[in-house]
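Examining the three-dimensional arrangement
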2 protein chains.
Amino acid sequence: MTDVTLCECFVRDGLQHEPDFVPTATKRDLIERFAALGFTRIEATSYSNPKVVPQFADASDLLRALRRSDGVHYKATCANPRAVERAVADVAAGHGVNEISLLVSASEQHSQTNLRRSRAEQWDNVRAMAAAADGRFRLVGSISVAFGCPFEGAVAPETVIADVERFAALGVRHVSLGDTTGMATPQSVAALCHLVRRAVPEVTPIGHFHDTRGTGLVNVLAALDAGVRFFDASFGGVGGHPAKVRYGSGFTGNVCTEDLVGLLESLGVRTGIDLAGLLDTALACEAALGRPLHGRVTRSGLNPLIGDGTAVAPPAAAAHGR
Amino acid sequence: MTDVTLCECFVRDGLQHEPDFVPTATKRDLIERFAALGFTRIEATSYSNPKVVPQFADASDLLRALRRSDGVHYKATCANPRAVERAVADVAAGHGVNEISLLVSASEQHSQTNLRRSRAEQWDNVRAMAAAADGRFRLVGSISVAFGCPFEGAVAPETVIADVERFAALGVRHVSLGDTTGMATPQSVAALCHLVRRAVPEVTPIGHFHDTRGTGLVNVLAALDAGVRFFDASFGGVGGHPAKVRYGSGFTGNVCTEDLVGLLESLGVRTGIDLAGLLDTALACEAALGRPLHGRVTRSGLNPLIGDGTAVAPPAAAAHGR
């Protein structure tokens, strides 16, 4: 039994903007480690155009090599019907994912900038993708800039709720609410999560918070208080919005998995994650990128007051990491 | 009118474990900037033994040079009656501080390790310091490891409350509750803060949280919810417990002032801090240490939804800082 369901996003969201190609074998090893640790949702890859995002040129090769664990949802991101057709072909070949995500932006200008389509065009695109999916996957909707847009400012909760309802009408039962550039506050998180749960109860909301302004964990707790039980996170906090590419500058990054797991477990919220292996896996993620990442418990060890009071010390290799 | 009172700790707590001496003129400039920004409590220096902590060998020189602002409490840390005598001498010479802090540890083993005295011996020491202070300063009590000890584990709230009562009996009206090694949780923070406020209502509690495990802001909000209105923080998150010296390893660091101010203001909590100058001051602190620090809004800019919705962009010099 777990109280929350965490999706580990390192291999897809985390690597999306990494300039160097991470070898397929490394990605496969990490995904298998994540499953062994207890993650039941894992972002595996993206069916992006390899010319645009070479990091995921190995999508089908990776999935062919990947050893699956029972009860785990492996997610692939799809940007258009062609991507969904590739996902369907991999299913037909016996090595598909069992979950795909469909992305919209809650603001017109972010949609134009990030997806290069108007919101109306992107919704047409999403409907075509849902049709192409043909019932073969669990569908996950993702709504960017749900708590505020760097171009347009405040986003009306009604807009987000209408998007969640559109997803629901397509049979989507899980929708992530993305704080793409760190504009959410505990107040706006509580308000929107309560509204979504009340207005579209058949949809399970997923909290997807970025740590752009250091508020990732603060906003997770606000969502948890508002009844949200699904959260996205990434080891080392890598990923998040492409600050340098599109917004000029800025710290970016997802909520840090290892710090999130440590916080939740210290609160008695059961994550289902094997704490004894958590920090070594965080180090494996750092090794995959060849640099120290943002996890603090990776350096400090987990809170010794978690659970039975046995201290979980930082792994030896991290002692002088930074 | 402000809703909270923040103490800027960069120049004392922040520099305590920095290996290189920061010039007196730099310290003076920073303290004057902090006052101009709106901080009404500022840690200025420590009357430490210069042979043990050479960073503060310039305590009296700094205070002699420092231009004061009305309504600001400038704090000096005192470890023993000799330190308080130096503080009194500076007052007599016309350039003293108007606040000193007196430190105890809530656990026996942390007291022995950090202060090299038993708790009973340290309380004798504190009583001697309070007597030597002779009513010339606002006294601030500081209780280390109030939310858990890295050596002994859980700390009984009754122990902390008894310490707050001892401080109150000495005329101390402000007591900081220190989460020295990041073992506090929102639950333990809420519980202890409520207990202290109820048991010793004449004392104003101060939240002093470290970001050892990424939970600094989470714990500030829990304390705020529990009625705490005074908080300590440090630009760039520098300072905190001496991880490498005493605990072998570990990320350390105070709550990051610029991220804290951004979060509080985004919640409508008035800090009294000039937001237009906040990030340039964060950069000045980075310049003083010659390296990028931990502030995220320093890179990302303040939340554009703060206040009237006008974006506060990151300063140009930080755009490619990291």
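Attention here is on the structure that accompanies the text. (Residues numbered from 1 in each chain as written. Chains lettered and ligands numbered in written order. Predicted model: local features only at pLDDT ≥ 70, side-chain atom pairs only at ≥ 80, totals over all residues. Heavy atoms only, no water.)

The next subject is the overall build of chain A. The number of helices and strands found in chain A is 13 helices and eight strands. Against the 2.2 N^0.38 benchmark of 20 Å for 322 residues, chain A shows a C-alpha radius of gyration of 18 Å, consistent with a compact globule. Taken along the three principal axes of its C-alpha coordinates, chain A extends 50 × 45 × 40 Å. In chain A, 74% of the contacts between residues at least 6 apart in sequence involve partners at least 24 apart. Carbon and sulfur atoms provide 51% of the accessible area of chain A, an area that totals close to 11600 Å². Counting 31 positive and 34 negative side-chain charges, chain A places the centres of these two groups 3 Å from one another. (Helix = DSSP H or I, 4+ residues; strand = E, 2+ residues; numbered from the N terminus. Rg over C-alpha atoms; globule rule 2.2 N^0.38 Å. Contact = heavy atoms within 4.5 Å. Areas by Shrake-Rupley, 256 points an atom, 1.4 Å probe, with all protein chains shown as cover. Lys, Arg positive; Asp, Glu negative; His and termini not counted. Charge placed at Lys NZ, Arg CZ, Asp CG, Glu CD.)

Strands pair in a sheet through their backbones, by hydrogen bonds, and they do so in one of two ways: parallel or antiparallel. Residue and element names in this part refer to chain B. Pairing within the closed barrel is parallel, and its eight strands lie in the order β1-β2-β3-β4-β5-β6-β7-β8. Taken pair by pair, the neighbouring strands of this sheet meet at an average axis angle of 30°, ignoring direction. The pairing of strand β6 (residues 174-179) with strand β7 (residues 204-209) spans six bridges and is classified as parallel. When the bridges of β7 are listed, D179 appears paired with F209. Helix α9 (residues 216-225) rests against β6, β7 and β8 (230-233) of the sheet, and its axis sits at about 165° to β7. (Pairing = 2+ DSSP bridges. Axes fitted to C-alpha atoms, helices over the stretch in contact; angles between N-to-C directions.)

One pass over the full model with this rule turns up 10 aromatic pairs over all chains. Judged by centre distance (5.5 Å) and plane angle (20°), the rings of F34(A) and F235(A) are stacked. Taken together, the residues span a long stretch of sequence, with F34(A) in helix α2 (residues 24-37) and F235(A) in the loop between β8 (230-233) and α10 (243-247) at a distance of 201 residues. For F34(A), a relative accessible area of 0% translates into the label buried. Between F39(B) and F235(B), the aromatic rings sit 6.1 Å apart at their centres with planes inclined by 75°, giving edge-to-face as the arrangement. On the criterion of sequence distance, the pair formed by F39(B) in the loop between α2 (24-37) and β2 (41-46) and F235(B) in the loop between β8 and α10 (243-247) is long-range, its members being 196 residues apart. Under the relative-accessibility criterion, F39(B) is labelled buried at 1%. Through a chain of ring-to-ring contacts, three or more aromatic side chains come together here, namely F34(A), F39(A) and F235(A). Just above the ring of Y74(A) sits the side chain of R68(A); from NZ or CZ to the centre is 5.5 Å. (Phe/Tyr/Trp six-rings, centres within 6.5 Å; stacked < 30°, edge-to-face > 60°. Buried < 20%, exposed > 50% of the residue type's maximum accessible area, 1.4 Å probe, protein only. Lys NZ or Arg CZ within 6 Å of the ring centre and 35° of its normal.)

Moving on: the environment of S69(B). All names here are of chain B. Within the secondary structure, S69 sits in the loop between α3 (59-65) and β3 (73-77). Distance in space between the C-alpha atoms of S69 and T40 is 8.8 Å, their sequence separation being 29 residues. With residues near it in sequence (within four places) discarded, S69 still touches A35 and Y74.

Okay, helix α11 (residues 257-266) of chain A next. Residue and element names in this part refer to chain A. The element α11 is extensively covered by neighbouring structure, given that 10 of its 10 residues are classed as buried. Buried within α11 are the following residues: T257, E258, D259, L260, V261, G262, L263, L264, E265 and S266. Looking at the residues trailing α11, positive phi occurs at G268, about 80°.

On to the sheet that holds strand β7 (residues 204-209) of chain A, then. All names here are of chain A. Reading around the circumference, β1-β2-β3-β4-β5-β6-β7-β8 is the order of the eight strands in this closed barrel, with parallel pairing throughout. Across the sheet, the mean angle from the axis of one strand to that of its neighbour is 30°, orientation sign disregarded. Across two bridges, strand β1 (residues 5-8) lies against strand β2 (residues 41-46) in parallel orientation. Opposite E8, over in β2, you have I42 as the bridge partner.

All names here are of chain A. It is the contact of helix α7 (residues 157-169) with helix α8 (residues 186-199), at a shortest axis distance of 10 Å, that shows an interaxial angle of 40°. With respect to each other, α7 and α8 are oriented oblique. As α7 runs across α8, the sense of the crossing is right-handed. Note on element contacts: α8 touches α7 through L192, L195, V196 and A199, opposite P157, V160, I161, V164 and E165. Within the contact of α7 with α8, the residues separate by chemical class into eight nonpolar, no polar and one charged. (Parallel < 35°, antiparallel > 145°, perpendicular 65-115°, else oblique. Left-handed = near helix turned anticlockwise from the far one by under 90°. Nonpolar A, V, L, I, M, F, W, Y, C, P; charged D, E, K, R; others polar.)

Grouped together as the largest cluster of nonpolar side chains are 190 residues, with contacts concentrated most on F10(A) and F10(B). Ignoring anything within four residues of it in the chain, the contact list for F10(B) reads L15(B), L30(B), F34(B), S234(B), F235(B), V238(B), C285(B), L289(B) and L293(B). (Core = buried A, V, L, I, M, F, W, Y, C linked by side-chain atoms within 4.5 Å.)

In this section: the pattern of salt bridges. According to the stated counting rule, one finds 36 salt bridges over all chains in the structure shown. The closest approach of N and O atoms between E43(A) and R12(A), which form a salt bridge, is 3.2 Å. Here the residue E43(A) occupies a position in strand β2, and R12(A) occupies one in helix α1 (residues 10-14), the gap between them amounting to 31 residues. Pair check on accessibility: E43(A) and R12(A) agree, each one buried. A salt bridge links R28(B) to D29(B); the nearest nitrogen and oxygen atoms lie 3.2 Å apart. By relative accessible area, which is 39% here, D29(B) ends up partly exposed. Within the structure, one salt-bridge network assembled from shared partners comprises R41(A), E99(A), R138(A) and D232(A). (Salt bridge = Lys/Arg side-chain N within 4 Å of Asp/Glu carboxyl O.)

Turning our eyes to something else, we now look at the pairing of β8(A). Residue and element names in this part refer to chain A. Burial along β8 is two-sided: F230 and D232 and F231 and A233, pointing in opposite directions, are all buried. Of the strand pairs in this sheet, β1 and β8 are connected by four bridges, and their pairing is parallel. Looking at the pairing, L6 lines up with F231 of β8. Here β7 runs beside β8; their pairing, made up of two bridges, is parallel. Considered in β8, the bridge of G207 is made with F231. What joins β7 to β8 is helix α9 (residues 216-225), and the crossover it makes is right-handed. (Right-handed = clockwise from strand over helix to strand, strands pointing away.)

Residues and elements named next belong to chain A. Inspection of the secondary structure puts I206 in strand β7. Distance in space between the C-alpha atoms of I206 and A132 is 24 Å, their sequence separation being 74 residues. Once residues within four sequence positions are removed from consideration, I206 is found in contact with R41, V140, H174, V175, S176, L177, V228, F230, F231 and D232.

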